[in-house]
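Structural description and commentary
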There are 2 protein chains.
Amino acid sequence: MGANTSTALGVSGEAAEIVVAEDPGVVDLFAVLAYGEISAFYRLAEEAKLSPTLRGKVAVAKMAAAEMGHFKTLEGALADRGVDVFDAMAPFVRALDAYHASTDPSTWLESMVKFYVGDGIAADFYTEIAGALTPEIAEIVRDVLEETSHSEFVVEEVRNAVAQNRADRDRLTLWGRRLLGEAITQAQYVMAQRDELTDLVLTATGDLNGIAMLFERMQNSHAERMAVLGLG
Amino acid sequence: MGANTSTALGVSGEAAEIVVAEDPGVVDLFAVLAYGEISAFYRLAEEAKLSPTLRGKVAVAKMAAAEMGHFKTLEGALADRGVDVFDAMAPFVRALDAYHASTDPSTWLESMVKFYVGDGIAADFYTEIAGALTPEIAEIVRDVLEETSHSEFVVEEVRNAVAQNRADRDRLTLWGRRLLGEAITQAQYVMAQRDELTDLVLTATGDLNGIAMLFERMQNSHAERMAVLGLG
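Residues numbered from 1 in each chain as written. Chains lettered and ligands numbered in written order. Predicted model: local features only at pLDDT ≥ 70, side-chain atom pairs only at ≥ 80, totals over all residues. Heavy atoms only, no water.

**Quick notes on the overall build of chain A**
What chain A contains, in helices and strands, is ten helices and zero strands. Starting at the N terminus and walking to the C terminus, you meet the elements of chain A as α-α-α-α-α-α-α-α-α-α. Taking all contacts inside chain A whose residues are at least 6 apart in sequence as the whole, residues at least 24 apart take part in 81%. Here chain A displays about 10,100 Å² of accessible surface, and carbon together with sulfur accounts for 51% of that area. (Helix = DSSP H or I, 4+ residues; strand = E, 2+ residues; numbered from the N terminus. Contact = heavy atoms within 4.5 Å. Areas by Shrake-Rupley, 256 points an atom, 1.4 Å probe, with all protein chains shown as cover.)

This is the structure in structure tokens:
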């Protein structure tokens, strides 16, 4: 991580402190996002096999391709800082792989809910962090989190299915709760391992209480997303 | 295929006749290319699992994402002609799936040779056809065949591996021959099924003798590509 001749801000008791571009937490943030894109790519490609139609497979392939566009943005942003994306991603492989292994969908509907809800949880978390970053960094984070129009496809498929089937609706509601729980477990695991990232999150949220409030806001957004899908 | 109020040129004894934009063979050509991109996407994503490194997985994911960019170009070109890409692709699903099923790689090296050699064979074929198309159509075909820089990655991996291992070299040489044979078998199958596409190919190549010469040129290019990989 050659370019990090940085001034880590450390834990701050005050919210909304601007994180400088050279904070080593920024490299961690880009790296965890980058590995998130790669693992989402392969998960989407794998789970698309569950799609009963070619139309579904193509919609998912487009989502996967969009993830790779985001990966390239992050790879470039890390390269601009003299950091190799593969070195930077290494510390995050285990937690993200664990998240996907523990939430392996067994049906096409579970997989669709995971696309929508999982991406939403990640986007909430990183968008909050982006609020504390310098505009240049925040723009990169927002770019790679940009929601694709393909999620419309997911909403329609899931809503139609659960409107017709009460058992599916109950099962997918539980599935959605499990996704949130696993995501928070793994986020906490990552933060426990990576001091630089934890410092960045603390700077962004103010303090430990700020983190707790962030998780509460994430739970509320999650409930809203579940309602959009006709679940919960 | 609503927009095809066309003037099919039919079989022509003369080479280099320009195929008009409304030829129903053009819709078939875009459609077979489009399904080729989709099946390449899923094959790449699947075979990337064989990669021993994350670097290899990411290189392959980028190739796969490029295929989806090409798919969108073709989907748009078909939509401009009032044709739904899924309807248009349907006749080609069987032949392309059969090609991939009959050339399922069992190692990472076989899979790399297939990326490089299989894409090359397809590009040779379609580039020749593009020569007989109106500039607007030819440009779309060339755009979607554009070689990505990622194939450099393949060349390096395969050359290094076979330089060190004679048994690998012999095995991959046979594998390369099989890929060419299967591709030609499936191309002939498709043409036997689709009169419009056969007419377009005949118009592009002049006559049956022109098709034979086209396959001969494809064999020569194939031999050159194998040599680039250190094979044959």
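**A look at the interface of chain B and chain A**
Many descriptions give the size of an interface as the accessible area lost when the pieces come together. Counting from both sides, the interface comprises 24 residues of chain B and, opposite them, 24 residues of chain A. Buried area between chain B and chain A, both sides added, is near 2,100 Å², and the carbon and sulfur share of it is 73%. Three residues, Tyr 42, Lys 62 and Phe 86 of chain B, lead the burial of chain B against chain A; their summed loss comes to 28% of the area buried on that side. The interface formed by chain B and chain A holds ten residue pairs in polar contact (both at pLDDT 80 or more) in total. (Buried area = accessible area lost by both parts, 1.4 Å probe. Polar contact = N/O pair within 3.5 Å; in protein donor to acceptor, adjacent residues only side chain to side chain.)

**Topic: the packing of helix H5 (residues 108-130) of chain A against helix H10 (residues 208-228) of chain A**
Residue and element names in this part refer to chain A. Look at H5 against H10: their axes get within 10 Å of each other, and the N-to-C directions meet at 145°. Crossing hand, H5 versus H10: right-handed. Note on element contacts: H10 touches H5 through Leu 214, Arg 217, Met 218, Ser 221, His 222, Arg 225, Met 226 and Val 228, opposite Tyr 116, Val 117, Gly 120, Ile 121, Asp 124, Phe 125 and Glu 128. (Axes fitted to C-alpha atoms, helices over the stretch in contact; angles between N-to-C directions. Left-handed = near helix turned anticlockwise from the far one by under 90°.)

**With respect to the environment of Tyr 116 of chain A**
Residue and element names in this part refer to chain A. Tracing the sequence through the fold places Tyr 116 in helix H5. Of the residues examined, Tyr 116 reaches a relative accessible area of 13% and is grouped as buried. Remark: the alpha-carbon pair of Tyr 116 and Ser 151, spanning 35 residues in sequence, is separated by 6.5 Å. (Buried < 20%, exposed > 50% of the residue type's maximum accessible area, 1.4 Å probe, protein only.)

**Focus on the relation of the copies chain B and chain A**
Least-squares fitting of chain B to chain A yields an RMSD of 0.0 Å, with the superposition described by an axial translation of 0.0 Å and a rotation of 180°. Each copy turns onto its partner about a two-fold axis. By C-alpha distance to the rotation axis, the residue of chain B lying nearest is Ala 65 of chain B, at 2.2 Å. A shared interface surface links the copies, since 100% of the contact residues of chain B are contact residues in chain A too. (Least-squares fit on C-alpha atoms with pLDDT ≥ 70 in both.)

**Brief notes about the environment of Phe 125 of chain B**
Residues and elements named next belong to chain B. For Phe 125, the position within the fold is in helix H5 (residues 108-130). Placed 93 residues apart in sequence, Phe 125 and Met 218 show a C-alpha to C-alpha distance of 7.1 Å. The residues touching Phe 125, leaving out its near neighbours within four places in the chain, are Val 201, Leu 214 and Met 218.

**Description of helix H7 (residues 151-164) of chain A**
Residue and element names in this part refer to chain A. In this model, H7 (14 residues) spans 21 Å end to end at C-alpha, consistent with the 20 Å of a helix rising 1.5 Å per residue. The set of residues buried in H7 consists of Ser 151, Val 154, Val 155, Val 158, Ala 161 and Val 162. Buried positions in H7, seen along its axis, are confined to an arc of 150° and lie on one side of it. Facing away from the buried surface of H7 by more than 90 degrees, the exposed residues are Glu 152, Glu 156, Ala 163 and Gln 164. Summarising the contacts, the buried residues of H7 are in contact with helix H2 (54-80), H5, helix H8 (166-193) and H10. (Expected span 1.5 Å × (residues − 1). Arc of directions from axis to C-beta.)

**A few points about the packing of aromatic side chains**
All names here are of chain A. Using the criterion set out here, one finds seven aromatic pairs over all chains in the structure. Here Phe 41 and Tyr 42 contribute two aromatic rings whose centre-to-centre distance is 4.8 Å and whose plane-to-plane angle is 80°, an arrangement assigned as edge-to-face. Grouping residues by exposure puts Phe 41 and Tyr 42 together as buried. When the ring of Phe 125 is compared with that of Tyr 126, the centres are 5.2 Å apart and the planes differ by 75°; the resulting orientation is edge-to-face. Note on Phe 125: relative accessible area 11%, which makes it buried. A relative accessible area of 13% means that Tyr 126 is categorised as buried. (Phe/Tyr/Trp six-rings, centres within 6.5 Å; stacked < 30°, edge-to-face > 60°.)

**Remarks on the pattern of salt bridges**
Any two side chains of opposite charge can pair, given that their charged atoms come close. Residues and elements named next belong to chain B. Counted under the stated rule, the structure contains 24 salt bridges over all chains. Two residues, Asp 124 and Arg 225, come together in a salt bridge whose shortest N-O distance is 3.1 Å. On the criterion of sequence distance, the pair formed by Asp 124 in helix H5 and Arg 225 in helix H10 (residues 208-228) is long-range, its members being 101 residues apart. Take Asp 124 and Arg 225: they sit in the same class, and that class is buried. Between Asp 168 and Arg 171 there is a salt bridge; the shortest N-O distance is 2.6 Å. Of this pair, Asp 168 and Arg 171 both sit in helix H8 (residues 166-193), three residues apart, which is roughly one turn of the helix. (Salt bridge = Lys/Arg side-chain N within 4 Å of Asp/Glu carboxyl O.)

**A few points about H10 of chain A**
Residues and elements named next belong to chain A. With 21 residues, H10 ought to run about 30 Å at 1.5 Å a step, and its terminal C-alpha atoms sit 31 Å apart, in line with that. Among all positions in H10, only Gly 210, Ile 211, Leu 214, Phe 215, Met 218, His 222, Arg 225 and Met 226 are buried. Projected down its long axis, H10 carries its buried residues within an arc of 160°, all on one side. Close packing links the buried residues of H10 with H5, H8 and helix H9 (195-205). Regarding H10, its N-cap is Asp 207, as a side-chain oxygen of that residue lies 3.1 Å from the backbone nitrogen of Asn 209 further along. Downstream of H10 by one or two residues, Gly 230 has phi in the positive range, about 80°.

**Some words on the packing of helix H1 (residues 24-47) of chain B against helix H6 (residues 135-145) of chain B**
Residue and element names in this part refer to chain B. Between H1 and H6, whose axes approach to 11 Å, the crossing angle comes to 10°. The pairing of H1 with H6 is recorded here as roughly parallel in orientation. Contact residues: Val 26, Leu 29, Phe 30, Leu 33 and Glu 37 in H1; Ile 137, Ile 140, Val 141, Val 144 and Leu 145 in H6. When the residues that make up the contact of H1 with H6 are grouped by side-chain class, the tally is nine nonpolar, no polar and one charged. (Parallel < 35°, antiparallel > 145°, perpendicular 65-115°, else oblique. Nonpolar A, V, L, I, M, F, W, Y, C, P; charged D, E, K, R; others polar.)

**Overview of the side chain of His 70 of chain B**
Inspection of the secondary structure assignment puts His 70 of chain B in helix H2 (residues 54-80). Taking the relative accessible area as the measure of exposure, His 70 of chain B reaches 14% and is therefore buried.

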